[in-house]
Each structure stands twice: as C-alpha cells, then as structure tokens.
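Listed here are the chains, written in short residue letters.
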Amino acid sequence: MNDFRDADKIWLDLDLATMSNSTASSNLATSFVGYSQGYGVRQGMALAVKNGRISAIAPMVDIDEALLPTANIAGRGGWMTPGLIDCHTHLVFAGSRAQEFEQRLQGVPYEQIARDGGGILSTVRATREASEQQLFDLAAPRLRALMSEGVTTLEIKSGYGLTLKDELKMLRVARQLGEAFPIQVRTTLLGAHALAPEFATNSDAYIDLVCEQMIPAAAEQKLADAVDVFCEGIGFSPAQCGRVFKAAKNYDLAIKGHTEQLSDLKGSQLAASYGALSVDHLEYLDANALQPIVENGTVAVLLPGAFYFLHETKLPPIQALRDAGIPMAVATDFNPGTSPLASLRLMMNMACTLFRLTPEEALAGVTFHAAKALGLSDDSGRLVVGAPADMLLWDIKHPSELAYQIGVPALRQRIYQGETSYV
C-alpha cells in the first residue's frame, strides 16, 4: 500500500492489457462464445506511477481507497494498454506525391513518372530545398496525428537527403521533434535508401559516401540510434548493404533493414547475421530460410500500409514466422510514396484483415514487439512494475476493438512518462 500512498498518480478500477503474459501465439483456435483469452489481461486492477515509471499494480480488492491521495486518482472503468509504438516511419520530408498517385491511377507507368521528374527523387529535391524549420513544420502535424491515436514512441528515418548535409539535416529535425513533443523519438540513418542522382553511374562510390562520411558524422554528432539500408534490385546489393552494416557496427550503431519487399535477395538473413534489431517489409522472405533471423532474435516488422498502397499480392510468410517464434511488429511506414497513412490503428486493422494476424498479435506488434524492434528495454511496451509509464486509457469493452474499429474516438487519456499529455 505504501507504493500507492507515495505515488505521483493512481488509476483505479481498471482492466489492464499488460502484454506481459500475452502469448500472441500461432494457436488461432478460439471459442465462438465470448472473446479469446490473452493480452496479459488483469481485470479490476489499480496502477500507480512515480517518477515517470509504473511503481505498483494490485487488485482493487487489496486497495483501501480511504488511504489514497484522492487528488491524484483517475481511471475508473477504462481499459489500459501500453502506449503504442510505431517502429518504422519516414516522417520527415518535404513535397507531395499526390499528383504521381493520380497519374498512376490514370495508367501512367512509373518509369515515365520518374523520367518526368517524379518518384523518390522528387521528394529528395524538395527535402534538399527545405530548411530545418520547414521540415519541422511539415512533420509536426503528421506526428500529432500519430500521437492522437496513442503513439508514445516512434522511429524516424532519414533517406530523402542523400547528401551528407541533408541526411544530417533530416536527423536533426527528427531529434528536435522528440524534444518539442511529449513522445520518445528514435532516429535511424537511411542514407542507403536510394542512389543519389549525383552518383547515378557509380553506386559503389555512393556507398563509400554513406560508410565513410554519413555514418561517422551521424555517430559523432549523436544524431542516429541505428542505420538502415534498402536491400533490393532498385536499391542496393547485398554486398553493398554488408559494407554499410560493417560501418554501422564500427560506430556502435544498431542495424535495421528494408528487406525482401520486392524480391528475395536474402537481405533479411544478411542483416540478421550482423545482429539486426529488425528486418522490415518481408513480402518475398523465404519461409524456409528463417534460421538466421531466429538465432539472432531479430524482429520481423510488417508494413501493411505499403502492401495495400502498392496493390501488392505477395503476402509475407506469416504462418512460417509464427511457427518459428519470430516476433512480429507492425508499423505505418509513413512516407510520401508508398504509405502516406498516419494511422497506426489502421495498420493494426490491415495487419489483421490483409495479413491475418490476430488482434492480440496486432496489439503485441505495436507494443512490446515494436519496442524490441527499436532496441528498447525489455519492460518497454508492457504494463509491469518498473516499466516506463507510457500508457493509454481507452473507452472500450475489450482490447480486440483496437484492431477492429477505426475512426471512432476511443482514447480517453494518453499518458507519457506518467503525465497525461495529449489526446
């Protein structure tokens, strides 16, 4: 009881989806009567916070409310979950690709759009021309949209600068967003996102720039937490990606990978062999070659927004990932070209409807599995004593509603570091 009497704030009479005992399992057999069990559910609970962390969780039957500091009590009848974590975004950029979207729907081939100045290089040009303040102002409403749905942590990648100056500019803006808003921002250098136009005939020289200038500068200026690559035929070869991974390890930066989105180059296995936190996309991942990913504990990050937006038909090997025990995270991949969708709740729904995840797997995918994909502490993305007090109070009947119903407001409180900060 002392943990409650000394708390900074207390939530009473809650149902908790702690995710601490959630199986998010491959056992899809459920009863047609009532809801399936899972989510680490604890009903009729009280939760206390002190100094920005969860200090106590106890059944309501053990709580003497008369002894509690009533001014700090909230909750009463809601469901509480961990804060949502969007572990893959490209939030900082300038320019719009809406005209290109319309052209594609009118039958204009992407090759022609690119020849006419469209495609990713149009975003690169606009981003290079924008100031840091302009990039911040453009990113802020995108960030607010994610926060309004309950996101308390997200990753922001660079990758639309493709010069040393502009990649660092994007990373500085990402850091500034984390300082200006009540949200934890993890940053990733994605210099090897596309081939800079200045190196159109010499991709190896561009990789030299990434390895010898971008990675050292981002590390020395403490602008990046991780390094990512686009391992693909239209991106960079496995050999080139291996060079980037080696350089990242030399500077003690974590590794991530855009892999197997369009073809099977075994980029996921390569990234895992270098200790990657996550491999992302995975539509063309070989279901029979998962052992390196398993052995390293790498997270499989599913990006249903890009799958949907690109009219992809090749599904990631979901059942094989389940059977192998590989944790699956879910993220927005928010970006101007292939997933301009600032809704992690929508991604949860798409992960269920398009990829056939269960709602429990989807919630795990945007909480503790997403935390693992970002290299956060083991208690992040869970409601357990000692965990960061990044939490959400929902007006729902069951956690499955979070993946089921989109667009109807259900978030009562967004709690970041123990403080109600934004709804």
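Just so you know, these numbers come straight off a predicted model, no measurement behind them.

Caption draft 1: Representation of the overall build of the protein chain within the structure. Helices and strands together make up the secondary structure of the protein chain, namely 16 helices and 16 strands. Over its C-alpha atoms, taken along the principal directions, the protein chain stretches across nearly 75 × 45 × 45 Å. Of all 423 residues assigned to the protein chain, the portion counted as buried reaches 56%. The contacts of the protein chain with a sequence gap of at least 6 include a subset with a gap of at least 24, amounting to 74%. Entry remark: accessible area of the protein chain is about 16900 Å², with carbon and sulfur atoms responsible for 50%. If the 34 positive side-chain charges of the protein chain are averaged to one point and the 47 negative ones to another, these points end up 2 Å apart.

Caption draft 2: A look at the environment of Ala-289. Relative to the assigned elements, Ala-289 resides in the loop between β11 (278-281) and α10 (291-296). Overall, Ala-289 belongs to the buried group, its relative accessible area being 17%. In this structure the C-alpha to C-alpha distance between Ala-289 and Gly-40, which are 249 residues apart in sequence, comes to 31 Å. Leaving out residues up to four positions away in the same chain, Ala-289 has contacts with Lys-266 and Gln-269.

Caption draft 3: Region of the structure containing the UniProt feature "binding site: Zn(2+)" (unreviewed entry) in the protein chain. Following the UniProt record, the feature "binding site: Zn(2+)" (unreviewed entry) maps to His-88, His-90, His-258 and Asp-333 here. These residues run over 246 residues, yet every pair of their C-alpha atoms falls within 12.3 Å of each other. From the set just named, the residues that line the largest pocket comprise His-88, His-90, His-258 and Asp-333. Examined against the element boundaries, His-258 turns out to sit in strand β10 (residues 254-259). The buried category is assigned to His-258, whose relative accessible area is 3%. Residue contacts for His-258: discarding those within four places in its chain leaves His-88, His-90, Lys-157, Leu-190, Asp-228, Val-229, Phe-230, Cys-231, Asp-280 and His-281. A distance of 3.3 Å separates polar atoms of two side chains, one belonging to His-258 and the other to His-88.

Conventions and cut-offs
Residues numbered from 1 in each chain as written. Predicted model: local features only at pLDDT ≥ 70, side-chain atom pairs only at ≥ 80, totals over all residues. Heavy atoms only, no water. Helix = DSSP H or I, 4+ residues; strand = E, 2+ residues; numbered from the N terminus. Buried < 20%, exposed > 50% of the residue type's maximum accessible area, 1.4 Å probe, protein only. Contact = heavy atoms within 4.5 Å. Areas by Shrake-Rupley, 256 points an atom, 1.4 Å probe, with all protein chains shown as cover. Lys, Arg positive; Asp, Glu negative; His and termini not counted. Charge placed at Lys NZ, Arg CZ, Asp CG, Glu CD. UniProt positions renumbered as here; feature names shortened; annotations may be inferred. 1 Å grid on protein atoms, 1.4 Å probe; cavity = no way out; pocket = protein on both sides within 12 Å on 5 of 7 lines; lining within 4 Å. Polar contact = N/O pair within 3.5 Å; in protein donor to acceptor, adjacent residues only side chain to side chain.

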